[in-house]
Amino acid sequence: MKEITPRQPAGTLAANLDQLIESFLLAQDVGITSKMVYRRALKRFKEFLSLREAAGGVGYLTKTDIVQYKSHLLAEGLSPRTGNLYLTSVRQFFKYLESNRIYPDVSAGLKGFKRSYGFNRDPLTLQQARDLLNSIDTSDMIGLRDFAMINLMLRTGLRTMEVVGSNVGDIRQTSNATLLYVRSKGKDAKDDFVVLTREAYEPITRYLAARHCTDPRAALFVSHSNNNKDKRITTKTLRFDVKQKLLGIGVYSSRISAHSLRHTFATMALQNGATIEQVRDTLRHQNITTTQIYVHTTDRLEHAAEDTIKI
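All values reported here derive from a predicted model rather than from experimental measurement. (Residues numbered from 1 in each chain as written. Predicted model: local features only at pLDDT ≥ 70, side-chain atom pairs only at ≥ 80, totals over all residues. Heavy atoms only, no water.)

Focus: the overall build of the protein
Okay, so step 1: Along its length, the protein carries 13 helices and three strands.
Okay, so step 2: For the protein, buried positions account for 41% of its 311 residues.
Okay, so step 3: In the form shown here, the protein has an accessible surface area of approximately 17,700 Å², with 51% of it arising from carbon and sulfur atoms. (Helix = DSSP H or I, 4+ residues; strand = E, 2+ residues; numbered from the N terminus. Buried < 20%, exposed > 50% of the residue type's maximum accessible area, 1.4 Å probe, protein only. Areas by Shrake-Rupley, 256 points an atom, 1.4 Å probe, with all protein chains shown as cover.)

See below:
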C-alpha cells in the first residue's frame, strides 16, 4: 500500500480509503460487532468525502472538514447516540492513520453530540406488558418460541443480542436457582447471568420440549420458517416480531420497540421494591449513573410537583 503523506489532498485519501479501512479494521482488537459498527460508520464517511470531491471540494482535509461532517450527520437527523458512534469511528480511524504516519489526525479535539438525559425508548405500562404476553398464540411452535423469548426479556431485562446469542447449555441449575449465562455487551465470554424465576423458565422448558431439543450446544431460540429452519434466530427477526406484536395490541409509538422490554423490566423492578444496585447488577450496567436514570424517571412520576397544585 502506497503511503499517503500529510501533504497529499483529501481526494487521494478518498481514493485509497477502502484499503485503509481494511487495514484499520485488521489492527483493531475489538469484537465482531464493534468492527461492524466501524465499517458501517467509515462507509458513511467515505460517502461524505465522495460528495465533497464531486462538489469540487478537493483539498487537504482539516479539522474544519471533520466539523462539517459532524454537521452533515446532524442534518441527516441521526440521534445523538448514533451520531456519536459515527464520530468515534472517524476519530479512531484518524488516530490509526497518524500513528502509522499515513495521514495527520485532523479529528483531534472534536467534541461529540450532546445527549439528552434519558433513554431513546420508553417502557411499556403494566397493562401493555400483560396485553403483549396475552396476545401471543402458543398453540404452535412459533408461538411457544415467541412467548418464551418475550416473557424472558420482560422478566430479566436481557438485550436482544443476549437472547439471540444464548444456547441451551447456558441454562444452569444451582442449589438455589436456575441461571442463564449470557455474553454481556463488550465481553468475550459468557460470564454474566440472570436468574430465571419459575415464570421465566417454564415457558422455555415447554418450547424446548416441543422442539425435542436437549443438545447443550444448540441455540436456545431458532427459526421455524422454511428458509432458515432450525437456524439461530437473528436480532432482526426478534426485533421485527416484537414490533409486530406491539402493533397488534395497539402500541404504535416509535419510542417503543424490542429494547423497551429491557426498560420495562427495570422500571417495574424499581416500582416493586428492587434496589438500584439489584437492577444495575441484573442489567449489567458498567456505570450506576445509567441505572439512576430509571430511578429519576420513576421518582419524578410518583412524586410529581404538578400533583400538588390544587386550583
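A closer look at helix 4 (residues 63-75)
Okay, so step 1: Between its terminal C-alpha atoms helix 4 stretches 18 Å, which fits the 18 Å expected from 13 residues at 1.5 Å a residue.
Okay, so step 2: Of all the residues in helix 4, the buried ones are D65, I66, Y69, K70 and L73. For helix 4, the angular spread of buried residues about the axis comes to 150°, placing them on one side. For helix 4, the exposed residues lying more than 90 degrees away from the buried face are L74 and A75. (Expected span 1.5 Å × (residues − 1). Arc of directions from axis to C-beta.)

Considerations on helix 7 (residues 141-156)
Working note: α-helix, 3.6 residues per turn, so residues spaced by three or four point in the same direction.
Okay, so step 1: For helix 7, spanning 16 residues, the distance from its first C-alpha to its last is 22 Å, which sits close to the expected 22 Å at 1.5 Å a residue.
Okay, so step 2: When you tally the buried positions in helix 7, you get 13 out of 16 residues, the bulk of the element.
Okay, so step 3: The positive-phi residue at the C-terminal boundary of helix 7 is G157, with phi of around 75°.

Some thoughts on the packing of aromatic side chains
Okay, so step 1: Across all of its chains, the model carries 11 aromatic pairs by this definition.
Okay, so step 2: Where F48 meets Y69, the ring centres are 5.1 Å apart and the plane angle is 50°; that geometry is what we call tilted. One end of the pair, F48, is in helix 3 (residues 32-54); the other, Y69, is in helix 4, with 21 residues separating them in the sequence.
Okay, so step 3: A residue is classified by how much of its surface remains accessible, and Y69, at 0% relative accessible area, is buried.
Okay, so step 4: Here the aromatic residues F24, Y38, F45, F48, Y69, F93, F94, Y96 and Y103 are joined through ring pairs into a cluster of three or more. (Phe/Tyr/Trp six-rings, centres within 6.5 Å; stacked < 30°, edge-to-face > 60°.)

As for the nonpolar core
Okay, so step 1: Core analysis: the largest hydrophobic core is formed by 41 residues, its most contacted members being L180, I204 and F221.
Okay, so step 2: Sorting the residues of this core by element identifies helix 6 (126-134), helix 7, helix 8 (160-164), strand 2 (178-182), strand 3 (192-196), helix 9 (198-211), helix 10 (235-248) and helix 11 (260-271) as the ones contributing at least two each.
Okay, so step 3: It is helix 7 that contributes the most residues to this core, eight residues altogether.
Okay, so step 4: Setting aside chain neighbours within four positions, we find L180 in contact with L152, L158, S166, D170, I171, D192, F193, V194, L196 and L220.
Okay, so step 5: Counting residues in hydrophobic clusters, the runner-up holds 27 residues, among them L25, L61, Y86 and L87. (Core = buried A, V, L, I, M, F, W, Y, C linked by side-chain atoms within 4.5 Å. Contact = heavy atoms within 4.5 Å.)

So, the packing of helix 7 against helix 9
Okay, so step 1: Contact geometry for helix 7 and helix 9: axes closest at 9 Å, N-to-C directions at 155°. Regarding the angle of helix 7 to helix 9, the classification is roughly antiparallel. Between helix 7 and helix 9 lies a crossing whose hand is left-handed. Contacts between helix 7 and helix 9 involve M141, L144, R145, F147, A148, N151, L152 and R155 from the former and E199, A200, P203, I204, R206, Y207, A210 and R211 from the latter.
Okay, so step 2: Residues of the contact of helix 7 with helix 9, tallied by class, amount to 10 nonpolar, one polar and five charged. (Axes fitted to C-alpha atoms, helices over the stretch in contact; angles between N-to-C directions. Parallel < 35°, antiparallel > 145°, perpendicular 65-115°, else oblique. Left-handed = near helix turned anticlockwise from the far one by under 90°. Nonpolar A, V, L, I, M, F, W, Y, C, P; charged D, E, K, R; others polar.)

A few points about the sheet that holds strand 1 (residues 171-173)
Okay, so step 1: Sheet architecture is open: three strands sit in the order 1-2-3, paired in antiparallel fashion. Every interior strand has two partners, whereas the edge strands, strand 1 and strand 3, have only one. Going from strand to strand, the sheet's axes swing by 35° on average, the running direction of each strand aside.
Okay, so step 2: Relative to the sheet, helix 9 contacts strand 1, strand 2 and strand 3, its axis offset from that of strand 3 by approximately 95°. (Pairing = 2+ DSSP bridges.)

What about the pattern of salt bridges?
Once the charged atoms of two side chains with opposite charge are near each other, the side chains can pair.
Okay, so step 1: One pass over the structure, following the stated rule, counts 14 salt bridges.
Okay, so step 2: The closest approach of N and O atoms between D146 and K245, which form a salt bridge, is 3.0 Å. Taken together, the residues span a long stretch of sequence, with D146 in helix 7 and K245 in helix 10 at a distance of 99 residues.
Okay, so step 3: Classification of D146 by relative accessible area gives buried; the value is 4%.
Okay, so step 4: With a shortest N-O distance of 3.3 Å, D281 and R280 are connected by a salt bridge.
Okay, so step 5: For R280, a relative accessible area of 25% gives the class partly exposed.
Okay, so step 6: Among the charged side chains, a salt-bridge network with shared partners connects R145, D146, D241 and K245. (Salt bridge = Lys/Arg side-chain N within 4 Å of Asp/Glu carboxyl O.)

Digging into the side chain of R211
Okay, so step 1: Along the chain, the position of R211 falls in helix 9.
Okay, so step 2: What R211 contacts, discounting residues up to four positions off in sequence, is M141, A218, A219, L220, F221, V222 and H224.

Here we look at the environment of V279
Okay, so step 1: Among the structural elements, V279 can be located in helix 12 (residues 276-283).
Okay, so step 2: Once the C-alpha coordinates of V279 and A269 are considered, the two residues, 10 residues apart in sequence, prove to be 7.1 Å apart.

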